[in-house]
Amino acid sequence: MDDLTQETPPAPPGAAASGSFAPTVAEALRLAAARERTVDDHMFRAGRTSFRLQLFTAPGQRAVAVATQAEDESPSLTNEAESCAALVWQQHCPGQELPPVWIQRQFPGAFGEEPDFQLVTFGESEQYQVHQPRWCTISTERIVHLVGGPVAEDRGEGYVPPEPEEEPEQRFEVIELRRLAQSHPFREDCMSNSSSAALSPSWTDRLLRRSCCWYHSGDWHRVNDMALTVLSRARDEDVKAEDMRRYADAYAAAAGASKWERAALSSLYCPPVAIQPSGDDYISNGFINGQHRVQAMRDAGVARTVVLRLVWPDQSS
């Protein structure tokens, strides 16, 4: 059912541009009129977002914009609904007090089904700016009725797929903990809160923490000794980053590591959860992953560990 009620009523065609202008499907259909497709731009761009823009206009009538986008185009129409609608309003309907009625379709549909068209309504506006988007399904038949003529449902033959983006190389490297940003753990109360305590915890603190949580319940010195040996051997054998976890697991088993030590070592070489500082300026930036493990290592007095670094092709080694 696409005739969903909305909290904000629509503004009449001659209303001022500030305030509400968000029609429901039923209310949008009251704007039905014979319109002409005056724009069919297969590669319209709004910032970094690209899509096919069909614009339907008629004298004295509010414009209707139909935007379609392929799955490999990003940012998506959904994420950029406000900026896309605002730019079309500014560029193609500058004389209209209200933005075009905005309808979008993104390929593919959910679960392999044909994607629905969505009527995107907005709650507030000022000149060439829209806010508070909401979405509801609208059928092709109703769009045709709204614009008074045929509407293309596909992406268009003029679509130019984006060039495949380069992927960064995953690279494990050894780093001194003092080079990493001060972590701010949020899950465990036993983590040091002050930078001075974090960098130089007392032996009493270390003993008390041995059983307080998973992070403090094992020997990070032994784990990192193994991690450094694993990395050195892997480099000699040219082991790829994506194979490092299996390589580390095999080493830990052969070394007679405990269950906790195997899990901790594995976490250092599993890319989705490996310790990964944010950016190259490790001290200034925070963590993508690993702040709890790094803090537990600091609490144990560990000096060095292994982190995952993403190296882009144009970066020097």
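Residues numbered from 1 in each chain as written. Predicted model: local features only at pLDDT ≥ 70, side-chain atom pairs only at ≥ 80, totals over all residues. Heavy atoms only, no water.

(A) Main features of the overall build of the protein chain. Counting its regular elements, the protein chain contains 9 helices and 10 strands. Among the 317 residues that make up the protein chain, the fraction classed as buried is 46%. Nonlocal contacts in the protein chain, meaning residues at least 24 apart in sequence, comprise 66% of its contacts between residues at least 6 apart. (Helix = DSSP H or I, 4+ residues; strand = E, 2+ residues; numbered from the N terminus. Buried < 20%, exposed > 50% of the residue type's maximum accessible area, 1.4 Å probe, protein only. Contact = heavy atoms within 4.5 Å.)

(B) Local environment of the sheet that holds strand S6 (residues 129–138). Sheet architecture is open: 6 strands sit in the order S1-S2-S3-S4-S5-S6, paired in mixed fashion. Edge strands, defined here as strands with exactly one partner in the open sheet, are strand S1 (36–46) and S6. Strand-to-strand twist in this sheet, taken as the mean axis angle between neighbours without regard to direction, amounts to 25°. Here strand S2 (residues 49–57) pairs with strand S3 (residues 64–69) via 5 bridges, running antiparallel. Residue pairing across strands places Phe56 opposite Val64, the latter belonging to S3. Its contacts with the sheet place helix H2 (residues 81–92) against S1, S2, S3, strand S4 (101–106), strand S5 (117–126) and S6, and it is angled at close to 105° to S6. (Pairing = 2+ DSSP bridges. Axes fitted to C-alpha atoms, helices over the stretch in contact; angles between N-to-C directions.)

(C) Broad picture of the confidence of the model for the protein chain. Averaged over every residue, the pLDDT of the protein chain is 84; residues scoring 70 or more account for 81%. Low pLDDT, under 50, characterises residues 194–200; the stretch is placed with 8 contacts to residues that sit more than four places away or in other chains. (pLDDT = per-residue confidence, 0-100.)

(D) Expanded view of helix H3 (residues 140–147). Residues of H3 that are buried: Ile143, Leu146 and Val147. The arc that holds every buried residue of H3, seen down its axis, measures 85°, which confines them to one face. For H3, the secondary structure elements touched by its buried residues are helix H1 (25–29), S2, S3, S4, S5 and S6. (Arc of directions from axis to C-beta.)

(E) Geometry of helix H6 (residues 220–236). Spanning 17 residues, H6 covers 24 Å between terminal C-alpha atoms, matching the ideal 24 Å at 1.5 Å per step. Burial in H6 covers these residues: Trp220, Val223, Asn224, Met226, Ala227, Leu228, Val230, Leu231 and Ala234. For H6, the side-chain oxygen to backbone nitrogen distance between the N-cap and His221 is 3.0 Å, and the N-cap itself is Asp219. Immediately downstream of H6, the backbone of Asp238 shows phi near 55°, a positive value. (Expected span 1.5 Å × (residues − 1). Polar contact = N/O pair within 3.5 Å; in protein donor to acceptor, adjacent residues only side chain to side chain.)

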